[in-house]
Amino acid sequence: MVQKRFFKLHGLLCLLLVLLLLPTGGSPQAQPAAGKAKVDRLVMGLINPYRDYMRPWINGTPDHNIQHDPVFEWLFEVDVSSGGYNPWLAKSSEMAKDGRSWRIKLQKGVQFHHGYGEFTAKDVVHNHALWCDPNYPGRKDPTTVGYKQGMCAVQRVEVINDHEIVMHCKVVCLDLLFYYSSASSMIIFSKAQWDKEGEMGYETRPAGTGPYIFKERQLGRYVLYERAPTPHWKWGVVDWKEIMMTWNVEEPPRFAQLLTGESHLTEINRDLTDEAIAKGFKLVRSRQVAQQTVIAFGGLYFGTEDKATKRYTEYGGITGRLDPKVPWTNKKVRQAMNKAVNREELLKVLYKGRATPTYVAGFYPDLPGWDPTWAKRFPEMYGYDPKKAKQLLAEAGYPKGFKAKAWLFPFAGAPELVQLLEAVATQLREVGIELELEEADLVAVVQPKVRERRANWYIRGGVPSKKAVEPQIEDDTIYGMWEELLQMSDPKAYDAQLRRIGNYKFENFEIIPLFDVHIEVVVNPKIIKDWPFSGWDGGDIGHTFLISACKQEKPCK
């Protein structure tokens, strides 16, 4: 039976009592001087246990880059407020008219930690090769991340001088700024450190260029950072002497740690968020819509292998991977499952009204490809209608429904995800679809099976970050459109092609789209003044160096 994450008040009180008797994660604090942070160590109570290694290419996902955020930097920054791309370690960028190369000037005088010298073009060449050269000398593990294809669309990095490069792409790469920004995994490590210490130097004492320095890690417990000894070249002197990232996938302990002062900020579901606010805590939301909550269908493997383009061949291809017995390989079943979901109830009960509809995964009103007609067409095609859902199931050959499975796992920025899947399973049961819920580790179980196309019979929650993502349906039509897109340099043509892709996804019921959401973080206002973050960079809750201290006697509103 699936372990429920609801808990009773007396259980929480017992847990609080135990926690109060335990030593806290921070160092003993003296009374702060006026105008200074009240604690030396900021403790973050996060959801997901982040990687036990700093090398982002090992079974990588951008959602774990928050552990890199205090220490490392990218070429481009996701702007906190606008979501645009600001120069960061890059100073400026200019795309060629044909969209197949970018000339980038780099910042001068930026120093790596531990005396590893100035950041230059050689570091960009090195980091690109770390990801994209399958035989890069000294790297033992293959590189894996969802955004690898976009990062490695750059075929060659031409060095003009120490502070100027040209990135040459295999295809039109209008999205290059995204793939080399803090929303992606192309983190800038030191080439000089690699040459001197080898790959494992990135684990024991990684040299970044950020305002904090990696201090220590205790496996399964925390990662600790300390303020760099000199002001940062961009952000100056940050407020905290130390930042500690802790985590707990279970919600009651995270909430209790916040209430007892063991942590100073955390992510909790909206019910507990409202309770915390009533107790005097403060809500900080991402400055933008950060994620989408969707439910993905596993097993839509309709495409044809193509060895010439290496389509589907990287994990042994998809020959034999499509199981036509999986009910939702039938389009009518996908529509029926969508019409069995009561989105209004989910929005009211789980999200307290603080979300907006998702129509197509990876498409947002302020990004290319958006089609305003989706909102008008959505109620008829996707809207809640159990009677119509049962009719569609019968037409598809499942008059009594069917049995399938669903993976449950927690996810950073989405504390409601497990409860959401449980609620959707209840709604699907009303039309005859019985889901067996399996708790699974996202990294160890779910991602490998999805990547290797072994997800037949499973549905799963998904929270794609704010970028037009590649489609879930794997068929030749949509991948043909995607290949055409990568040859388009005209922004209007690019926008129109993305809209065609979006409509194909929409009309084929690619996923069960649910909600566009802001990430909500609850903070202790006696300790923290504010935290401006976009919600889709540095592991979704990046810009940790902008968490500001409350330096007044009264709590900061």
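For clarity, every value in this text was computed on a predicted model and none was experimentally measured. (Residues numbered from 1 in each chain as written. Predicted model: local features only at pLDDT ≥ 70, side-chain atom pairs only at ≥ 80, totals over all residues. Heavy atoms only, no water.)

Draft legend 1. Spotlight on the overall build of the chain. Helix and strand counts for the chain stand at 16 helices and 21 strands. A separation of at least 24 residues holds for 73% of the contacts in the chain among residues at least 6 apart in sequence. Taking the 73 positively charged and 68 negatively charged side chains of the chain as two groups, their mean positions are separated by 2 Å. (Helix = DSSP H or I, 4+ residues; strand = E, 2+ residues; numbered from the N terminus. Contact = heavy atoms within 4.5 Å. Lys, Arg positive; Asp, Glu negative; His and termini not counted. Charge placed at Lys NZ, Arg CZ, Asp CG, Glu CD.)

Draft legend 2. Up close: the environment of Val 431. Here Val 431 lies in the loop between helix H13 (417–429) and strand E16 (433–439). What makes Val 431 buried here is its relative accessible area of 6%. For the pair Val 431 and Gly 362, spaced 69 residues apart in the sequence, the C-alpha separation amounts to 28 Å. (Buried < 20%, exposed > 50% of the residue type's maximum accessible area, 1.4 Å probe, protein only.)

Draft legend 3. Inspection of the side chain of Asn 269 at higher detail. Among the structural elements, Asn 269 can be located in the loop between strand E11 (265–266) and helix H8 (270–278). Separated by 2.9 Å, the side chain of Asn 269 and the backbone nitrogen of Asp 271 make a polar contact. Once residues within four sequence positions are removed from consideration, Asn 269 is found in contact with Glu 251, Pro 415, Glu 416 and Gln 419. (Polar contact = N/O pair within 3.5 Å; in protein donor to acceptor, adjacent residues only side chain to side chain.)

Draft legend 4. Here's a closer look at the sheet that holds strand E19 (residues 520–523). In spatial order, the strands read E8-E9-E10-E1-E11-E19-E12; together these seven strands make up an open sheet with mixed pairing. Of all strands in the sheet, those bounded by a partner on one side alone are strand E8 (212–218) and strand E12 (282–285). Two elements, E11 and E19, share two bridges in a ladder whose sense is antiparallel. Each bridged residue has a counterpart across the sheet, and for Leu 265 the counterpart in E19 is Val 523. Set on the sheet, H8 makes contact with E12 and E19; between it and E19 the angle comes to about 30°. (Pairing = 2+ DSSP bridges. Axes fitted to C-alpha atoms, helices over the stretch in contact; angles between N-to-C directions.)

Draft legend 5. Spotlight on the pattern of salt bridges. What the rule picks out here adds up to 27 salt bridges. Residue Arg 311 is joined to Asp 476 by a salt bridge in which the shortest nitrogen-to-oxygen separation is 3.5 Å. Of this pair, Arg 311 sits in the loop between strand E13 (291–297) and helix H9 (331–339) while Asp 476 sits in helix H15 (residues 476–485); the two residues are 165 residues apart in sequence, bridging distant segments of the chain. Given the relative accessible area of 14%, Arg 311 is considered buried. (Salt bridge = Lys/Arg side-chain N within 4 Å of Asp/Glu carboxyl O.)

Draft legend 6. Layout of the packing of H15 against helix H16 (residues 491–507). Viewed as axis vectors pointing N to C, H15 and H16 meet at an angle of 165°, and their least axial separation amounts to 10 Å. For the element pair H15 / H16, the angle class is roughly antiparallel. Relative to H16, H15 is oriented so that their crossing is left-handed. On H16, the residues touching Thr 477, Ile 478, Met 481, Trp 482, Glu 484 and Leu 485 of H15 are Tyr 494, Gln 497, Leu 498, Arg 500, Ile 501, Tyr 504 and Lys 505. Taken together, the residues of the contact of H15 with H16 break down into eight nonpolar, two polar and three charged. (Parallel < 35°, antiparallel > 145°, perpendicular 65-115°, else oblique. Left-handed = near helix turned anticlockwise from the far one by under 90°. Nonpolar A, V, L, I, M, F, W, Y, C, P; charged D, E, K, R; others polar.)

Draft legend 7. Representation of the sheet that holds strand E7 (residues 164–169). Strand order in the open sheet formed by four strands is E4-E5-E7-E6, and the pairing between neighbours is antiparallel. Among the strands making up the open sheet, the edge pair consists of strand E4 (90–95) and strand E6 (154–161). On average, each strand axis in the sheet is tilted by 20° relative to the strand beside it, whichever way the strands run. Against the sheet, helix H2 (residues 121–132) contacts strand E5 (101–106), E6 and E7, and its axis sits at roughly 170° relative to E6.

Draft legend 8. Broad picture of helix H12 (residues 386–395). Regarding H12, the residues found buried are Ala 389, Leu 392 and Leu 393. For H12, the arc enclosing every buried residue in end-on projection is 100°, short of the 170-degree limit, so these residues lie on one face. Gly 397 occupies a position one or two residues after H12 and carries a positive phi of about 100°. (Arc of directions from axis to C-beta.)

Draft legend 9. Representation of the packing of aromatic side chains in the model. Throughout the structure, instances matching the rule amount to 30 aromatic pairs. Pairing Trp 57 with Phe 189 gives two aromatic rings, centres 6.3 Å apart and planes at 65°, and the pair type is edge-to-face. Placement of Trp 57 in the loop between strand E1 (41–46) and strand E2 (76–78) and of Phe 189 in the loop between helix H4 (176–179) and helix H5 (191–197) is noted, with a sequence separation of 132 residues between them. Phe 189 shares its class with Trp 57; the two are buried. The structure contains a cluster of three or more aromatic residues connected by ring pairs, namely Tyr 359, Phe 363, Trp 370, Trp 374, Phe 378, Tyr 382, Phe 506 and Phe 509. Between the NZ or CZ atom of Lys 234 and the centre of the ring of Trp 235, over which it lies, the distance is 5.1 Å. (Phe/Tyr/Trp six-rings, centres within 6.5 Å; stacked < 30°, edge-to-face > 60°. Lys NZ or Arg CZ within 6 Å of the ring centre and 35° of its normal.)

Draft legend 10. Geometry of empty space enclosed by the protein. Under the counting rule described, the total for this entry stands at three cavities of 30 Å³ or more. Computed from the structure, the second largest cavity encloses a volume of approximately 60 Å³. Forming the boundary of the second largest cavity are Arg 51, Tyr 53, Arg 55, Pro 56, Ile 58, Gly 60, Thr 61, His 64, Asn 65, Gln 67, His 68 and Ser 185. Among the residues forming the lining of the second largest cavity, the class breakdown is three nonpolar, seven polar and two charged. (1 Å grid on protein atoms, 1.4 Å probe; cavity = no way out; pocket = protein on both sides within 12 Å on 5 of 7 lines; lining within 4 Å. Points joined across faces, edges and corners; volume = space filled by probe spheres on them.)

Draft legend 11. A look at unusual backbone geometry. For Arg 453, which is not glycine, the phi torsion reads 60° and is therefore positive. Tracing the backbone shows Arg 453 in the loop between helix H14 (442–451) and strand E17 (458–462). Positive phi, normally seen in glycine, also occurs at His 543, with a value near 55°. You can see His 543 is positioned in the loop between strand E20 (528–530) and strand E21 (548–549).

Draft legend 12. A look at the confidence of the model for the chain. Summary statistics for the chain give a mean pLDDT of 90 and a share of 93% for residues scoring 70 or more. Counting contacts from residues 1–33, a segment whose pLDDT is below 50, to residues more than four positions away or on other chains yields 44 contacts. (pLDDT = per-residue confidence, 0-100.)

Draft legend 13. Representation of the environment of Asp 79. One can find Asp 79 in the loop between E2 and strand E3 (85–87). On a C-alpha basis, the gap between Asp 79 and Trp 536 in space is 10.0 Å, while along the polypeptide they are 457 residues apart. Once you skip the residues sitting within four places of it in the chain, Asp 79 turns out to touch Gly 84, Asn 86, Gln 288 and Ser 534. Only 3.0 Å separates the side chain of Asp 79 from the backbone nitrogen of Ser 81, close enough to count as a polar contact.

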